[in-house]
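Listed here are the chains, written in short residue letters.
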Amino acid sequence: RQQGTFPIASTVSIPPGAELVFVSGTLADPVKPDAPAGSIERLGDTETQAASVFAKLEKALAAAGLQLADVVKMNVF
């Protein structure tokens, strides 16, 4: 449950007994697996990589009966 009306939650209240789901280590899929490791050709540009990661996150969340709107915090490295 989000507190307030601002579109970014400054606080989040999790009711007792609620289930927390953690998704970790999600990487972009190669666009061209035969391209040199670490190259832009292999993984694509930032937009392509982000789209790949978000699609994988959506799939993982859906398997838990959740969606991106349920995400409370995300770290990007």
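As a reminder, the structure under discussion sits directly above these lines.
So, a few notes on the structure that sits alongside this text. In this convention, every chain numbers its residues from 1, walking through the sequence in written order. Where totals are concerned, whole chains, interfaces and linings use all residues; where local detail is concerned, this predicted model gives features only for residues with pLDDT of at least 70, and gives and counts side-chain atom pairs only at 80 or more. Just so you know, side-chain values use all the structure's heavy atoms and leave hydrogens and water out.

1. As for the overall build of the chain
Right, on to step 1. Helix and strand labels come from DSSP, where a helix needs a run of H or I of at least four residues and a strand needs a run of E of at least two; each type is numbered from the N terminus. Within the chain one finds two helices and zero strands.
Right, on to step 2. By the compact-globule yardstick of 11 Å for 77 residues, the chain is too spread out, its C-alpha radius of gyration being 16 Å.
Right, on to step 3. Relative to its 77 residues, the chain shows a buried fraction of 9%.
Right, on to step 4. Contacts spanning at least 24 positions in sequence make up 30% of the contacts within the chain whose residues lie at least 6 apart.
Right, on to step 5. The charged-residue count follows a simple rule in which Lys and Arg add positive charge and Asp and Glu add negative charge, with His and chain termini not counted at all. In plain terms, the charge of a residue is placed at NZ if it is Lys, CZ if Arg, CG if Asp and CD if Glu. Taking the average location of the 6 positive side-chain charges in the chain and that of its 8 negative ones, the two points are 5 Å from each other. Radius of gyration means the value over C-alpha atoms here, while the globule rule gives 2.2 Å times the residue count to the 0.38 power. To sort residues, take the accessible area from a 1.4 Å probe on protein chains only and compare it with the maximum for the residue type: under 20% means buried, over 50% means exposed, and anything in between is partly exposed. Throughout, a residue-residue contact means that at least one pair of heavy atoms, one from each residue, lies within 4.5 Å.

2. Points about the pattern of salt bridges
Right, on to step 1. Think of a salt bridge as a Lys or Arg side-chain nitrogen and an Asp or Glu carboxyl oxygen that are within 4 Å of each other. The final tally for this structure, using the stated rule, is one salt bridge.
Right, on to step 2. Put simply, Asp 29 and Lys 56 hold a salt bridge, and the shortest N to O gap is 3.1 Å. On the criterion of sequence distance, the pair formed by Asp 29 in the segment before α1 (40–43) and Lys 56 in helix α2 (residues 46–63) is long-range, its members being 27 residues apart.
Right, on to step 3. Among the residues examined, Asp 29 registers a relative accessible area of 42% and is labelled partly exposed.

3. What to know about the environment of Ser 13
Right, on to step 1. As for its position among the elements, Ser 13 is in the segment before α1.
Right, on to step 2. With 63 residues separating them along the chain, Ser 13 and Val 76 place their C-alpha atoms 23 Å apart.

4. Side note on a nonpolar patch on the surface
Right, on to step 1. Each patch is built from residues that are more than 30% exposed by relative accessible area and take part in no salt bridge. Like charges join if they lie within 9 Å; nonpolar side chains (Val, Leu, Ile, Met, Phe, Trp, Tyr) join within 5 Å. For accessible areas, the Shrake-Rupley method is used with a probe of radius 1.4 Å. Any residue's cover is judged against the shown protein chains and nothing else. The grouping of Val 12, Ile 14, Leu 20, Phe 22 and Val 72 at the surface amounts to a nonpolar patch, some 530 Å² of accessible area in total.
Right, on to step 2. Mapped onto the elements, Phe 22 comes out in the segment before α1.
Right, on to step 3. On the accessibility criterion, Phe 22 (74% relative accessible area) is exposed.

5. Considerations on the side chain of Ser 52
Right, on to step 1. Topologically, Ser 52 is positioned in helix α2.
Right, on to step 2. For Ser 52, the residues in contact, after removing those within four places along its chain, are Ala 28 and Asp 29.

6. Here's the deal with α2
Right, on to step 1. Spanning 18 residues, α2 covers 26 Å between terminal C-alpha atoms, matching the ideal 26 Å at 1.5 Å per step.
Right, on to step 2. Gly 65, located one to two residues past α2, shows a positive phi value of around 75°. Helix span, as expected, comes to 1.5 Å for every residue beyond the first.

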